Amino acid sequence: MNNMNAEERWNEVYLKPVKKVGMITLLVAAGLTLTPLLYLYVAHGVVPPFDAAMRSWGLVAAAFGAFYIVEPVSYYAILGLAGTYMSFLSGNISNLRLPCAAMAQEVVGVTEGSQEGEIIATMGISASVIVNIIAVTLAAFVGMAVIGILPEVIVDGFRDYTAPAIFGAVYGQFSLRYLHLAPIGIGIALLFIGVFQAPAWLSILFCVFGTMGIARLMFNKDILGGE
Amino acid sequence: MADYLQVANEFGLWLIALVVVSICVIQAILYYRQCMKAGKEIGLTEDQLKEGFWVGAKTAIGPAAAIFIIMVGLMTVIGGPMAWMRLAVIGAAPTELTAARLGAEGYGVAFGGEGYGIEAMAVSWWTMIINGIGWLVLVGLIGDKLEPVREKLAGGQASWLPVLSGSAMIGVFGYLIGGDVLTLEGPMYAVIFGAISMIILIKIAEKTSETFKPYCLGIAMIVGMIFAILLG
């Protein structure tokens with residue numbers, strides 16, 4: 001009987017208010033992130049053309065759609081309810097929120113998965129949000145000034161090569177973990193883009209689901225190599 | 001500076017970015033207060049709660065500093081306000097760059113290349129935004145129902161989930177680097193040396209200190225860039 005009261009209490013004092021804040025802040029943020037497009041229209045009369053917009057939505061959904069579900073589901077157990085809402089609003093989950101949550105729990109001495117653990121993890125994560133926002137804000141202003149005084153060849157280099165360098169780096173990072181899949185991802189890509197000259201959406205679908213399918217086969221046979 | 005980048009850096013956008021960034025801060029403050037209250041209810045002391053907060057803050061400094069370099073890179077590509085906004089919300093440069101590039105492809109031009117003007121940029125922005133909304137709406141609506149979904153997805157094999165996401169990542173980024181490698185020019189070198197240096201850096205981090213890991217992406221990005229400029 002005491003247990004029921006404790007559970008109801010936890011629901012009243014934590015789960016319900018957390019869900020309310022989480023739902024409101026995330027959905028409001030979703031709406032607010034659209035305002036740059038409104039600005040482009042109001043200030044410059046520019047609107048993304050409908051067919052291009054639908055095409056690119058399809059491309060990006062093919063690329064990341066699975067992650068909309070898989071990521072929250074994977075991290076939820078570690079982040080807890082409030083931690084999940086915060087981490088998916090502010091991002092940087094695996095490199096920032098998870099370590100902060102874990103360290104906070106470790107130092108205070110609570111077990112993960114417990115109620116105490118969840119509260120302390122949330123405290124750690126909320127701190128990381130503040131610190132990261134300060135860093136990103138500083139970078140935005142100081143960084144702009146820095147870009148202003150860099151020689152043009154360097155700024156051009158940043159502009160042209162930041163994306164491919166980052167893409168290559170991330171590919172390298174995941175290749176380390178899944179050695180056997182490394183040739184597959186790029187292999188399918190080179191085949192579809194280079195040889196078949198397939199349209200982008202087809203190439204993406206084959207790259208993502210092809211790699212996932214082969215991974216499943218390897219997983220079932222226990223031959224996923226790497227770290 | 002290109003036309004579209006000048007637009008991307010306009011003051012009105014800085015204001016919008018400020019509003020969006022504020023939501024993150026407000027949410028963090030609200031949860032801080034809710035947890036202080038709930039924590040005391042279940043028996044934690046004020047000292048413990050504050051300690052949790054400060055440990056989180058200190059642990060965040062390293063990874064947050066590492067983001068600085070990436071911000072500079074991102075800002076030259078999509079402008080200051082959007083980089084600020086997107087890295088405060090969603091927070092993943094590779095994801096944003098991917099979405100921006102797919103936006104250009106949907107429009108029919110090369111990202112940042114010929115024919116990439118304000119209209120193409122609008123499509124890039126749309127793509128980044130609608131992609132981010134995917135996570136925001138999903139978690140916003142079913143955040144509290146994730147546990148049963150996880151059990152279904154894992155299908156009894158919890159170790160499959162990380163493999164699922166890891167393989168999907170390799171698929172997406174394989175597609176992206178595929179296009180870059182096929183240029184046989186600057187981007188190809190950026191990819192190759194970005195990948196090689198990342199692998200080396202991660203290996204070093206694992207052998208020496210875990211706290212070095214957050215810096216790997218930023219450094220690998222610079223190395224990739226340098227080789228691309230030299231060889232491209």
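Note that the structure is predicted; figures quoted are calculated from it, not measured. (Residues numbered from 1 in each chain as written. Chains lettered and ligands numbered in written order. Predicted model: local features only at pLDDT ≥ 70, side-chain atom pairs only at ≥ 80, totals over all residues.)

Draft legend 1. The arrangement of the overall build of chain A in detail. When you go through chain A residue by residue, the secondary structure sums to eight helices and zero strands. What you see in chain A, going N to C, is helices and strands ordered as α-α-α-α-α-α-α-α. Radius of gyration (C-alpha) of chain A: 22 Å, far over the 17 Å computed for a compact globule of 227 residues. Principal axes of the C-alpha set define a box for chain A whose edges measure 65 × 55 × 35 Å. Within chain A, the fraction of its 227 residues that count as buried is 52%. Within chain A, residue pairs in contact and separated by at least 24 positions form 57% of the contacts whose partners lie at least 6 positions apart. (Helix = DSSP H or I, 4+ residues; strand = E, 2+ residues; numbered from the N terminus. Rg over C-alpha atoms; globule rule 2.2 N^0.38 Å. Buried ≥ 20, exposed ≤ 12 C-beta atoms within 10 Å, placed from the backbone. Contact = placed C-beta atoms within 7 Å.)

Draft legend 2. Structural context of the packing of helix 2 (residues 11-41) of chain B against helix 4 (residues 80-88) of chain B. Residues and elements named next belong to chain B. Close contact between helix 2 and helix 4 brings their axes to 9 Å; oriented N to C, the two are set at 10°. When the interaxial angle is binned, helix 2 and helix 4 end up roughly parallel. Between helix 2 and helix 4, the residues in contact are L13, W14, I16, A17, V20, V21 and C24 and P81, W84, M85 and A88, respectively. (Axes fitted to C-alpha atoms, helices over the stretch in contact; angles between N-to-C directions. Parallel < 35°, antiparallel > 145°, perpendicular 65-115°, else oblique.)

Draft legend 3. Layout of helix 4 of chain B. Of all nine residues in helix 4 of chain B, nine are buried; the element is thus mostly enclosed. Where helix 4 of chain B is concerned, the buried positions are B:G80, B:P81, B:M82, B:A83, B:W84, B:M85, B:R86, B:L87 and B:A88.

Draft legend 4. A look at the interface of chain A and chain B. With 135 residues of chain A at the contact, the number on the chain B side is 138 residues. Those elements giving two or more residues to the side of chain A that touches chain B turn out to be helix 1 (2-32), helix 2 (35-44), helix 3 (50-90), helix 4 (93-108), helix 5 (115-149), helix 6 (152-177), helix 7 (182-195) and helix 8 (200-220) of chain A. The element best represented in the side of chain A that touches chain B is helix 3 of chain A, accounting for 28 residues.

Draft legend 5. Layout of unusual backbone geometry. All names here are of chain A. Positioned with a positive phi, N92 is a non-glycine residue whose angle comes to about 55°. Residues other than glycine seldom take positive phi values, yet Q197 does so here, at roughly 55°. Within the secondary structure layout, Q197 lies in the loop between helix 7 and helix 8.

Draft legend 6. Quick look at the packing of helix 5 (residues 93-107) of chain B against helix 6 (residues 118-142) of chain B. All names here are of chain B. At a minimum axis distance of 7 Å, the contact between helix 5 and helix 6 shows a crossing angle of 130°. When the axes of helix 5 and helix 6 are compared, the pair comes out oblique. You can see that helix 5 and helix 6 cross each other, and the crossing is right-handed. When helix 5 is examined against helix 6, the residues E96, A99, A100, L102, G103, A104, G106 and Y107 are found in contact with a partner set consisting of A120, V123, S124, W126, T127, M128 and N131. Considering only residue class, the contact of helix 5 with helix 6 consists of nine nonpolar, five polar and one charged. (Left-handed = near helix turned anticlockwise from the far one by under 90°. Nonpolar A, V, L, I, M, F, W, Y, C, P; charged D, E, K, R; others polar.)

Draft legend 7. How the structure looks around the nonpolar core. A:V136, A:I166, B:M71 and B:A88 are the most contacted members of the largest nonpolar core, which has 169 residues in total. Per-element tally for this core: the top contributor is helix 3 of chain A, with 21 residues. Those residues in contact with B:M71, other than ones at most four positions away along the chain, are A:V136, A:A139, A:A140, A:G143, B:A83 and B:L87. (Core = buried A, V, L, I, M, F, W, Y, C linked by C-beta atoms within 7 Å.)

Draft legend 8. Spotlight on the environment of B:A83. In this structure, B:A83 sits in helix 4. By the C-beta count within 10 Å, which is 27 here, B:A83 ends up buried. Ignoring anything within four residues of it in the chain, the contact list for B:A83 reads A:A140, B:M71, B:L74, B:M75 and B:I78.

Draft legend 9. Here's a closer look at the domain arrangement of chain A. All names here are of chain A. Partitioning chain A into structural domains gives domain 1 (1-47), domain 2 (61-149) and domain 3 (150-227). Taken over C-alpha atoms, the centre of domain 2 sits 25 Å from the centre of domain 3. At the interface, five residues of domain 2 touch six residues of domain 3. When contributions to the side of domain 2 that touches domain 3 are tallied by element, the ones reaching two or more residues are helix 3 and helix 5. At three residues, the largest contribution of residues to the side of domain 2 that touches domain 3 is made by helix 5. For the side of domain 2 that touches domain 3, a count of residues per class yields five nonpolar, no polar and no charged. (Domains from an automatic or database assignment.)

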